[in-house]
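Topology and contacts: notes
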Amino acid sequence: MNAKPLINLLLLTGFLFAQPNLLAQEKPRQTLPDNPTKAWAEVEKVHQALRPPDDWRTHAPTAEQVAEFQEQVRRTALSFAQKAREFIERFPTNENVGDARITVVHALSHAVAAGDSDAEKQVAVFVSTVLADKSIPEDDRVGVLLYSGNTAFMKKVGMRLFTEGMSKLHEEFETASIENMRAALKLFPTNSMIYTMLVAVAQRSKAERQKELATEILNAPGAPPGAKTLANHILKGTKPYELGKPLDIHFTALDGREVDLANMAGKVVLIEFWSTTCGPCIAEIPAVKAVYEKLHDRGFEVVAISLDDKESALRQFVREKELPWPQHFDGKGWENQFAVRYGIFSIPTTWLVDKRGNLRDTNARFDLERRVTSLLGEQPPARK
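The structure contained in this document is the topic of the report that follows. (Residues numbered from 1 in each chain as written. Predicted model: local features only at pLDDT ≥ 70, side-chain atom pairs only at ≥ 80, totals over all residues. Heavy atoms only, no water.)

Structural notes on the packing of helix α11 (residues 207-219) against helix α12 (residues 225-236)
The axes of two packed helices give the description: the angle between them and the distance between them. One can describe the packing of α11 onto α12 by two numbers: an axis separation of 8 Å at closest approach and a directional angle of 145 degrees. Of the two possible hands of crossing, α11 and α12 adopt the one that is left-handed. Contacts between α11 and α12 involve Q210, K211, A214, T215, I217 and L218 on the former and, on the latter, A227, K228, A231, N232, I234 and L235. (Axes fitted to C-alpha atoms, helices over the stretch in contact; angles between N-to-C directions. Helix = DSSP H or I, 4+ residues; strand = E, 2+ residues; numbered from the N terminus. Left-handed = near helix turned anticlockwise from the far one by under 90°. Contact = heavy atoms within 4.5 Å.)

So, the environment of A183
Inspection of the secondary structure assignment puts A183 in helix α9 (residues 166-187). On the accessibility criterion, A183 (29% relative accessible area) is partly exposed. (Buried < 20%, exposed > 50% of the residue type's maximum accessible area, 1.4 Å probe, protein only.)

Topic: the packing of α9 against helix α10 (residues 192-204)
Put simply, α9 and α10 touch, their axes get as near as 10 Å, and they point 150 degrees apart. If you check the angle between α9 and α10, you find them roughly antiparallel. Considering only the axes of α9 and α10, their crossing is left-handed. Side by side, α9 and α10 meet where E174, I178, M181, A184 and L185 of the first sit next to I194, Y195, M197, L198, V201 and R204 of the second. Across the contact of α9 with α10, the residue classes break down as nine nonpolar, no polar and two charged. (Parallel < 35°, antiparallel > 145°, perpendicular 65-115°, else oblique. Nonpolar A, V, L, I, M, F, W, Y, C, P; charged D, E, K, R; others polar.)

Side note on the sheet that holds strand β3 (residues 268-274)
Strand order in the open sheet formed by five strands is β5-β4-β3-β6-β7, with mixed pairing between adjacent strands. The sheet is open, and its two edges are formed by β5 (327-328) and β7 (359-361), each paired on a single side. Relative to β7, strand β6 (residues 349-353) runs antiparallel, the two sharing two bridges. Directly across from V353, in β7, lies its bridge partner L359. (Pairing = 2+ DSSP bridges.)

Considerations on the packing of aromatic side chains
Using the criterion set out here, one finds 12 aromatic pairs in the structure. Pairing F87 with F91 gives two aromatic rings, centres 5.0 Å apart and planes at 50 degrees, and the pair type is tilted. Its relative accessible area of 0% is what places F87 among the buried residues. By relative accessible area, which is 11% here, F91 ends up buried. Measuring from ring centre to ring centre gives 5.0 Å for F153 and F173, while their planes differ by 85 degrees; the resulting arrangement is edge-to-face. Of the two residues, F153 is situated in helix α7 (residues 150-157) and F173 in helix α9; the sequence distance between them amounts to 20 residues. (Phe/Tyr/Trp six-rings, centres within 6.5 Å; stacked < 30°, edge-to-face > 60°.)

What follows is the structure, given as structure tokens:
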């Protein structure tokens, strides 16, 4: 399952359980291409299809325009929910099937926002079915459960979601999301993904809420050690890394290269936390490549930590964009081992390590060439 989102996965949970006999439906006709890649590309169009008109950002819509768009959203959302269901049925072993389950709930929750009461029942049935299917990986079931909470939120805000936008509803969304993650933990008390999300919320929260969440994580019997370590840092006001100190990063890269920061003394290294699903990350690649090509011969290296959860997508992107530097990939998305170790909950995050192997800069996104050039000009460590 993609966590983009986790996304954007500060998701809500407020689910209903429905009787299995509600599942009986007439089998719909097929609408997706036979090629799974092309079929998934069709399903992914849901995000663009459900966006409000761009001019609503600058001009408030009339009541008539809202009513017209409301019906459009309802019909479009139901259509894409069915496309996602079809994808799940026809391509059950495809790597995108987890995201397809999320898309079913995502689309139906938008239909709920548009006033479709039957869509709320469909979410309940779908979630109940997914939770009962133990052949589905736990994180995928948890993801559907968490995202299903959007239904309650969408029902509450209705068309405000489109006329006001999520930025104005953020606090309302965040408050509800915390309670819903707590509810999810009652069903999945040891799930590390939920705890990772709680840590992310705690990290960006204000004092009282931050302390409450961090304490809650520390006291939870099922919380993984990594989450408790980060919660402890939050309570102490410290970071899981220290400027001027080495980082412990070593791994076998996607292309088989062995990478170990401890063996890169004398080099200036950019540590780049990123994902192929992150628009700002992709937008910065040309600038990083330009600096790499200009300064690589002088000792500049890039080490990428990918927060992707689909290996094929990462390999294709690296190949198409001709990215020459090593990529760490463990398939865990936002639970990537180095992201969790160092408390990375937003991307792109770019750090610079100096010639002595010490972390020197934790905000290297801007003016990268000047920063790298400055570090390259420093004296290398003395040979022992």
